[in-house]
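Now for the letters of each chain:
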Amino acid sequence: MALKTHLTVLQWSATTFADSIVFKIPKPVSIDGEVQYHWDDVTYRQFLLDVERSARYWSSTLVRANIPRRSVIGLWCVDICATCARRSVTSIYRLGGMTYMDVLHIFGVARASYIPQLFSLKLPSPEIIYELMNRAGAKALIYDTSYADIVRGCHVPIFLAVDLFSLPDPEEPLEAVIVPENREDIAMVFHTSGSTLGSPKLVPCTYGWLDAIIAKANAISIPCRMDRKDVLVCM
């Protein structure tokens, strides 16, 4: 049986729950001089299209920089938080928390056939980031604009985590989604907090682990009531 990944689950969900809401994005609106927040809905179909747009951008950018596919790419712009679900689940992203654009960068880099190495925003030191990247053999770093002033002296090419919707869509063909055959191949790289020995350790996550997490979510993430949707708040 083929191993399931976050990308194959997304493709399946975009077909099965195409018009169901997967994200609710807060949008500030000025009403009578006061800022209030409304919600923009993102469906599974739209999420897939946005991920593919992100993948085209990163595929074009990284290939143009002569970075081979399946290379590890550091992403210093995200909080580590991931959810795999079997059925239609809506996620709400809190103001000041992880953004929809962060999700698109993570999924887009993976969809472009690279291996994301995710760094928590709680690691403020570029030296620690560079050391973890060196241990993982990372070939590039994608960083949040808030770190523009301190991302210096990096030993690999660096790229800004841009607003994908502010740029033209490269509209280049994408390779087929990777269907891993080896359970021990690396899907992504996390790290520990460093609280034990004073320095974070790498946590390589294999496709076998990812398949197991998806199978677990398939069992425990069934909605409590089939006539309504569960909501997860990501903070």
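The rules we used
- Residues numbered from 1 in each chain as written.
- Predicted model: local features only at pLDDT ≥ 70, side-chain atom pairs only at ≥ 80, totals over all residues.
- Heavy atoms only, no water.
- Helix = DSSP H or I, 4+ residues; strand = E, 2+ residues; numbered from the N terminus.
- Polar contact = N/O pair within 3.5 Å; in protein donor to acceptor, adjacent residues only side chain to side chain.
- Contact = heavy atoms within 4.5 Å.
- Core = buried A, V, L, I, M, F, W, Y, C linked by side-chain atoms within 4.5 Å.
- Buried < 20%, exposed > 50% of the residue type's maximum accessible area, 1.4 Å probe, protein only.
- Salt bridge = Lys/Arg side-chain N within 4 Å of Asp/Glu carboxyl O.
- Axes fitted to C-alpha atoms, helices over the stretch in contact; angles between N-to-C directions.
- Left-handed = near helix turned anticlockwise from the far one by under 90°.
- Nonpolar A, V, L, I, M, F, W, Y, C, P; charged D, E, K, R; others polar.
- Pairing = 2+ DSSP bridges.
- Expected span 1.5 Å × (residues − 1).
- Phe/Tyr/Trp six-rings, centres within 6.5 Å; stacked < 30°, edge-to-face > 60°.

Draft legend 1. Summary view of the side chain of S71. Relative to the helices and strands, S71 is located in the loop between α2 (44-64) and β3 (72-76). Separated by 2.6 Å, the side chain of S71 and the backbone oxygen of P68 make a polar contact. Contacts of S71, omitting those with residues within four sequence positions, involve Y114, I115 and K139.

Draft legend 2. View of the nonpolar core. Judged by nonpolar contacts, the single largest core of 41 residues is most densely connected at F23, F47, L62, I73 and I142. Of all the secondary structure elements, the ones that give two or more residues to this core are α1 (6-16), β1 (21-31), α2, β3, α3 (100-111), β6 (140-143) and β8 (186-191). In this structure, I142 is in contact with W58, I73, G74, L75, W76, C77, V109, F159, L160 and A161, ignoring residues within four places of it in sequence. If you look at the next biggest cluster of nonpolar residues, it comprises 17 residues, including V72, I115, L141 and C154.

Draft legend 3. Structural detail: the pattern of salt bridges. On inspection of all chains with the given rule, the structure shows 6 salt bridges. Here D41 makes a salt bridge to K24, at a shortest N to O gap of 2.7 Å. Linking D41 in strand β2 (residues 34-43) with K24 in strand β1, this pair joins segments that are 17 residues apart in sequence. Given a relative accessible area of 42%, D41 falls into the partly exposed group. As a salt-bridge pair, R135 and E131 come within 3.2 Å of each other at their nearest N and O atoms. Within this pair, R135 and its partner E131 are both found in helix α4 (residues 126-136), separated by 4 residues, close to a single helical turn. On the basis of relative accessible area, E131 is assigned to the partly exposed category, the value being 36%.

Draft legend 4. Quick peek at the packing of α2 against α3. Across the interface, α2 lies against α3 with an axial gap of 7 Å and an inter-helix angle of 60°. The crossing of α2 and α3 is right-handed. Contacts between α2 and α3 involve Q46, F47, D50, V51, S54, A55 and W58 on the former and, on the latter, Y100, V103, L104, H105, F107, G108, V109 and R111. For the contact of α2 with α3, the per-class residue count stands at 9 nonpolar, 4 polar and 2 charged.

Draft legend 5. Up close: the side chain of S60. Within the secondary structure, S60 sits in helix α2. Residue class for S60 comes out buried when judged on its relative accessible area of 12%. There is a polar contact of 3.5 Å between the side chain of S60 and the side chain of E172.

Draft legend 6. Region of the structure containing the pairing of β1. Pairing between β1 and β2: 10 bridges, direction antiparallel. Its bridge partner lying in β2, K24 is registered against D41. Hairpin connection from β1 to β2: 2 residues lie between these consecutive antiparallel strands, with D32 at a positive phi of about 55°.

Draft legend 7. Main features of α1. Among the residues of α1, H6, L7, T8, V9, L10, S13 and A14 are the ones counted as buried. On its buried face, α1 is in contact with α2, α3, β8 and α5 (207-220). Sitting at the head of α1, T5 places a side-chain oxygen 3.1 Å from the backbone nitrogen of L7.

Draft legend 8. Geometry of α2. With 21 residues, α2 should cover 30 Å at 1.5 Å per step; its first-to-last C-alpha distance of 30 Å lies within 8% of that length. Across the 21 residues of α2, 15 count as buried, placing the element largely inside the fold. N66 lies just past α2 and shows a positive phi near 60°.

Draft legend 9. Looking closely at the packing of aromatic side chains. Tallying each qualifying case throughout the model produces 10 aromatic pairs. Ring centres of F17 and Y44 lie 6.0 Å apart, and the angle between their planes is 45°; this geometry places the pair in the tilted category. Pair noted here: F17 is in the loop between α1 and β1 and Y44 is in helix α2, with a separation of 27 residues, a long-range link. Across the pair, Y44 and F17 agree in class, each one buried. Their ring planes at 80° and their centres at 4.8 Å tell us that Y57 and W58 sit as a pair that is edge-to-face. You can call W58 buried: its relative accessible area is 0%.

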